[in-house]
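Architecture at a glance
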Amino acid sequence: QDSAPPAGAGVISVVNHFYGRDHIPIGAYKGSGLTLAGEPPLTFVDSVLKAFPSPIRNASQVPDAVDVYRRVLAASPPRSVTIASVGLLTNLELLLRSGPDAHSPLDGYALVAEKVAL
């Protein structure tokens, strides 16, 4: 989740929880400089969080999105992952630009090429 607004991770958690998929990892952008136009942005977010339960309520409760992507991809068989992204693509860009880490010796582009089905 791109962390604008910070409660966006909570809305993703609401949807996962509703469908019994709390096991699906959620990450959030942890950088700076990301803003959404409009005042206030995404007014539905607070309404959804007030109306439905979920284990995660905001971005402070989840790890960095690139770390989540890299951990999940590295642990997955080749060509077995489908990524569905909603909203801003900042986290996918940062994944593609990421370097090797504790999860994989591959850079982001190579990791995605190896693990993502489409």
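Check the entry above for the structure.
None of the values given here were measured: they were computed from a predicted structure.

1. Observations concerning unusual backbone geometry
Of note, R79 is a non-glycine position whose phi angle comes to about 55°, a positive value. Note on R79: relative accessible area 53%, which makes it exposed.

2. Thoughts on the environment of V62
For V62, the position within the fold is in the loop between α2 (44–51) and α3 (65–74). Apart from the residues lying within four places of it in its own chain, the contact partners of V62 are A9, I26, G27, A28, K30 and I56.

3. Considering the side chain of S13
Inspection of the secondary structure puts S13 in helix α1 (residues 8–18). Looking at S13, the relative accessible area reads 2%, which means it is buried. Leaving out residues up to four positions away in the same chain, S13 has contacts with D22, I26, S54, P55 and I56.

4. Points about the nonpolar core
Among the nonpolar cores identified, the biggest contains seven residues, and these are L73, V81, L92, L95, L111, V112 and V116. Among the secondary structure elements, those contributing two or more residues to this core are α4 (90–97) and α5 (108–115). In contact with L92, other than residues within four places in its own chain, are Y69, I83 and S85. Within the second largest apolar cluster, six residues are counted, among which are A9, I26, A28 and I56.

Cut-offs and rules
- Residue numbers restart at each chain and count upward from 1, following the sequence in its written direction.
- Given that the model is predicted, a residue must reach a pLDDT of at least 70 before its local features are reported, and side-chain atom pairs must reach 80 or more before they are shown or counted; all residues, however, enter totals for whole chains, interfaces and linings.
- To obtain the side-chain values, all non-hydrogen atoms of the structure were included, while hydrogens and water were left out.
- The classification of residues rests on relative accessible area computed with a 1.4 Å probe and restricted to protein chains. Under 20% of the type maximum is buried, over 50% is exposed, and intermediate values are partly exposed.
- For the purposes of this entry, the term helix denotes a DSSP run of H or I that reaches at least four residues, the term strand denotes a run of E that reaches at least two, and both are numbered from the N terminus.
- Residues count as neighbours in contact if any of their non-hydrogen atoms are within 4.5 Å of one another.
- To qualify as a nonpolar core, a set must consist of buried Ala, Val, Leu, Ile, Met, Phe, Trp, Tyr and Cys residues joined through side-chain atoms within 4.5 Å.

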